[in-house]
Number of protein chains: 2
Amino acid sequence: MGISKTEHFSDSQNEIATIAKALGHPARIAILEYLMSVDSCICGDIVNELPLAQPTISQHLKELKNAGLIKGSIEGNAICYCINDSCLETIMSYFMNMASRLKKKTCC
Amino acid sequence: MGISKTEHFSDSQNEIATIAKALGHPARIAILEYLMSVDSCICGDIVNELPLAQPTISQHLKELKNAGLIKGSIEGNAICYCINDSCLETIMSYFMNMASRLKKKTCC
DNA sequence: TTATATTATCGTAATATTGCAATATATAAA
DNA sequence: TTTATATATTGCAATATTACGATAATATAA
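Here the structure is a predicted model, which means the values were calculated and not measured. Sequence positions are assigned chain by chain, starting from 1 and proceeding in written order. Here the convention is simple: chains get letters from A, ligands get numbers from 1, in the order in which they are written. Thresholds applied to this predicted model are a pLDDT of at least 70 for local features of residues and 80 or more for the giving and counting of side-chain atom pairs; totals over whole chains, interfaces and linings are not thresholded and use all residues. With hydrogens and water set aside, each side-chain value is computed from the structure's full complement of heavy atoms.

A. The arrangement of the overall build of chain A in detail. Each helix is a run of DSSP H or I of at least 4 residues and each strand a run of E of at least 2, with the numbering of both proceeding from the N terminus. The helix and strand tally for chain A stands at five helices and two strands. Counting from the amino terminus, chain A carries its helices and strands in the arrangement α-α-α-α-β-β-α. With the C-alpha coordinates aligned to their principal axes, the bounding extent of chain A is approximately 55 × 35 × 25 Å. Evaluated residue by residue, chain A yields a buried proportion of 45% over its 108 residues. Throughout, a contact is declared for two residues whenever any of their heavy atoms are within 4.5 Å. Within chain A, residue pairs in contact and separated by at least 24 positions form 45% of the contacts whose partners lie at least 6 positions apart. Accessible area of chain A: about 5700 Å², with a carbon and sulfur share of 50%. Charge counting treats Lys and Arg as positive and Asp and Glu as negative, with His and both chain ends excluded. Taken as the charge location is NZ of Lys, CZ of Arg, CG of Asp or CD of Glu. Distance from the positive charge centre (10 side chains) to the negative charge centre (11 side chains) of chain A: 12 Å. Using a 1.4 Å probe on the protein chains alone, a residue whose accessible area is under 20% of its type maximum counts as buried, one over 50% counts as exposed, and one in between counts as partly exposed. Here the accessible surface of atoms and residues is derived via Shrake-Rupley with a 1.4 Å probe, and residues count as covered only by protein chains that are part of the display.

B. Structural context of the pairing of strand S1 (residues 70–75) of chain B. Residue and element names in this part refer to chain B. DSSP calls a pair of strands paired once it identifies at least 2 bridges connecting them. Taken together, the six bridges between S1 and strand S2 (residues 78–83) define a ladder with antiparallel strand orientation. The partner of Ile 70 across the bridge, within S2, is Ile 83. What sits between S1 and S2 in their antiparallel hairpin is a turn of two residues, with Gly 76 showing a positive phi close to 70°.

C. Representation of the interface of chain A and chain B in the model. Tallying the contact residues gives 50 residues for chain A and 50 residues for chain B. Roughly 4300 Å² of surface becomes buried between chain A and chain B when both sides are summed, with 75% attributable to carbon and sulfur atoms. Within this document, salt bridges are pairs made up of a side-chain nitrogen of Lys or Arg and a carboxyl oxygen of Asp or Glu, the two lying within 4 Å of each other. At the junction of chain A with chain B, the criterion picks out zero salt bridges. Distance and chemistry together define a polar contact, namely a pair of N or O atoms within 3.5 Å, with one atom able to donate a hydrogen and the other to accept it when in protein, and with adjacent residues in sequence counting only for side-chain atoms on both sides. At the surface where chain A touches chain B, the tally comes to four residue pairs in polar contact (both at pLDDT 80 or more). Of all the secondary structure elements, the ones that give two or more residues to the side of chain A that touches chain B are helix H1 (11–23), helix H2 (26–37), strand S2 (78–83) and helix H5 (85–102) of chain A. Here the element with the most residues in the side of chain A that touches chain B is H5(A); it accounts for 11 residues. Side-chain classes are defined by residue name, with Ala, Val, Leu, Ile, Met, Phe, Trp, Tyr, Cys and Pro counting as nonpolar, Asp, Glu, Lys and Arg as charged, and the others, Gly among them, as polar. Across the side of chain A that touches chain B, the residue classes tally to 31 nonpolar, 10 polar and nine charged. Once two parts are brought into contact, the accessible area they lose, counted with a 1.4 Å probe and summed over both, makes up the buried area.

D. Up close: the pattern of salt bridges. Residue and element names in this part refer to chain A. A full pass over the atoms with the stated rule returns two salt bridges over all chains. A salt bridge links Arg 28 to Glu 63; the shortest N-O distance between them is 3.1 Å. Here Arg 28, found in helix H2, pairs with Glu 63, found in helix H4 (residues 54–66); they are 35 residues apart in sequence, far enough to count as distant. Looking at Glu 63, the relative accessible area reads 33%, which means it is partly exposed.

E. Up close: helix H4 (residues 54–66) of chain B. Relative to the 18 Å expected for 13 residues at 1.5 Å per residue, H4(B) spans 18 Å between its end C-alpha atoms, a close match to the ideal helical length. Buried residues along H4(B) sit in contact with helix H1 (11–22), helix H2 (26–37), helix H3 (45–49), S1 and S2 of chain B. The span expected for a helix works out to 1.5 Å for each residue beyond the first.

F. Local environment of the packing of aromatic side chains. Residue and element names in this part refer to chain A. Paired rings are identified among Phe, Tyr and Trp, the last through its six-membered ring, by centres lying within 6.5 Å, and are further divided according to the angle between planes into stacked (under 30 degrees), edge-to-face (over 60) and tilted (the rest). Applying the stated rule across the entire model yields two aromatic pairs over all chains. Judged by centre distance (5.3 Å) and plane angle (85°), the rings of Tyr 94 and Phe 95 are edge-to-face. Accessibility expressed as a relative area gives 15% for Tyr 94, which makes it buried. Assessed through its relative accessible area of 1%, Phe 95 is described here as buried.

G. Representation of the side chain of Arg28(A) in the model. Using a relative accessible area of 7% as the deciding quantity, one classes Arg28(A) as buried. Those residues within four positions of Arg28(A) in sequence are excluded, and the remaining contacts are Lys21(A), Ala22(A), His60(A), Glu63(A) and Leu64(A).

H. A look at the side chain of Asn14(A). Counting through the fold element by element, Asn14(A) comes out in helix H1. Setting aside its immediate chain neighbours within four residues, Asn14(A) contacts Thr6(A), Phe9(A) and Pro26(B).

I. The relation of the copies chain A and chain B, seen in detail. Here the copies are superposed with least squares, the fitted atoms being C-alpha atoms of residues at a pLDDT of at least 70 in both. Overlay of chain A on chain B (RMSD 0.0 Å): rotation 180°, translation along the axis 0.0 Å. This pairing of chains is accounted for by a two-fold axis. The residues that chain A uses at the interface reappear at the interface of chain B in 100% of cases, marking a shared surface.

J. Representation of the nonpolar core in the model. Only buried Ala, Val, Leu, Ile, Met, Phe, Trp, Tyr and Cys residues count toward a nonpolar core, and they belong to the same one when joined by side-chain atoms within 4.5 Å. Formed by 74 residues in total, the largest nonpolar core has its most connected members in Leu23(A), Ile46(A), Leu69(A), Leu23(B), Ile46(B) and Leu69(B). Apart from residues no more than four positions distant in its own chain, Leu69(A) is found in contact with Ile19(A), Ala22(A), Leu23(A), Leu64(A), Cys82(A), Ile83(A), Asn84(A), Cys87(A) and Leu88(A).

Next up, the structure:
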């Protein structure tokens, strides 16, 4: 990110930015969409589903996890990842609030 | 972004990722929030409002504009920026759709 | 025209991201 | 215990982001 001055911004602003940043890559959007498309939360299949190597997928999963967008639980020798809906709620309600407030404005 | 393979993903996935990426910095969230807080769309005030230098603000505004999140129109010798609500609608409805589909799922 | 004000661009240093091969770790099965 | 399977970590090269000083570009005012 270069030298970012996160300390100059509010916790809320940093939280939203962190979640948005994690969403800011097509591979991670694709991972979320795949996680949504399967009823049971399979993990290794993501590697077969996307055109990226296993270490790269693992790295993207880590970033999604750090942002709180997904959860992982051990299932035998595999790991089952799934979407954390409360995190999705957070960012959704943020933009819903913003969009609803915008309707009352007149702009240039 | 490093060597990103955007060509391997769908237009929709790239579009959402591009918008999310633009939102993925606290300064840009702060800019959007400031643009919302003022009834009339002032521009130069953003520089006074945030703890960043003018070229840095200008760069962030450019990224928000490229992602379609804000619009700019010439107003005398100043430039008036304001939020593009249709772009906000796009990302909001994407997450609303995702969140509503999630409620029907059982997870690990 | 000249001066002032406002925003954009250039150049550059510091740091972050992306992707993958190689390797490590951990659990399950044989 | 050995082997196979699944995921994470390390190390590295290529590229992108962030921030800002200096400067350019543009429009208004004097």
